[in-house]
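Working through the structure, step by step
Spelled out from the first residue to the last, the chains are:
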Amino acid sequence: MARARDWYNARLADAHREAGHDPGQVAGWRTARDQAVDDLDRLKSADEDETVQIALAYAARLKELQEN
C-alpha cells in the first residue's frame, strides 16, 4: 500500500509540475491514492485474513501500475 501510495503521489507531483495531463486521469490517481491511505489505516486493526486480502490486492495493483 505504501508503495502504491508513493506511486500515485509521484504521478500527482508530475501532473502538478507539467501541463497536459488528462484531468480525469489525475482525479483517478487522487482517488486511488486516498484509498491506499485509507487501506493503510485499515491494516492497523485488520485481522489476518483481511490483511492478506489487502496485501494481495495491492501487489496486483502495483504490478499493473509498473507495467503501464
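Residues numbered from 1 in each chain as written. Predicted model: local features only at pLDDT ≥ 70, side-chain atom pairs only at ≥ 80, totals over all residues. Heavy atoms only, no water.

Below, the discussion takes up the overall build of the protein. On a plain count of helices and strands, the protein comes out with three helices and zero strands. Ordering the α and β elements of the protein from the N terminus gives α-α-α. Taking the principal axes of its C-alpha atoms as reference, the protein extends roughly 45 × 25 × 15 Å. A buried classification covers 24% of the 68 residues belonging to the protein. Taking all contacts inside the protein whose residues are at least 6 apart in sequence as the whole, residues at least 24 apart take part in 50%. When the accessible surface of the protein is split by element, carbon and sulfur atoms take 49% of a total near 4,800 Å². (Helix = DSSP H or I, 4+ residues; strand = E, 2+ residues; numbered from the N terminus. Buried < 20%, exposed > 50% of the residue type's maximum accessible area, 1.4 Å probe, protein only. Contact = heavy atoms within 4.5 Å. Areas by Shrake-Rupley, 256 points an atom, 1.4 Å probe, with all protein chains shown as cover.)

All right, on to the pattern of salt bridges then. A complete count under the given rule lists seven salt bridges for this structure. When the shortest N-O distance is used, the salt bridge between R17 and D14 registers 2.4 Å. Here R17 pairs with D14, and both are found in helix α1 (residues 2-17), just three residues apart, close to one helical turn. Here R33 and D34 are joined by a salt bridge, their closest N and O atoms 3.0 Å apart. One network of salt bridges, with partners in common, ties together R11, D14 and R17. (Salt bridge = Lys/Arg side-chain N within 4 Å of Asp/Glu carboxyl O.)

Let us look at the nonpolar core. Across soluble globular proteins, nonpolar side chains show a tendency to be buried alongside one another. Counting residues in each nonpolar core, the largest one holds 13 residues, and the members touching the most others are W7, Y8, V26, W29 and Y58. Counting only elements with at least two residues in this core, the list comes to α1, α2 (23-43) and α3 (48-67). With five residues, α1 is the single largest residue contributor to this core. If sequence neighbours within four positions are ignored, V26 has contacts with L12, A15 and H21. (Core = buried A, V, L, I, M, F, W, Y, C linked by side-chain atoms within 4.5 Å.)

This paragraph deals with α1. Over its 16 residues, α1 runs 22 Å from end to end, which matches the ideal 22 Å to within 8%, given 1.5 Å per residue. Buried within α1 are the following residues: A4, W7, Y8, L12 and A15. The buried residues of α1 all sit within an arc of 130° when viewed along its axis, so they share a single face. Away from its buried face by more than 90 degrees, α1 exposes R3, H16 and R17. In this structure, the buried side of α1 is in contact with α2 and α3. (Expected span 1.5 Å × (residues − 1). Arc of directions from axis to C-beta.)

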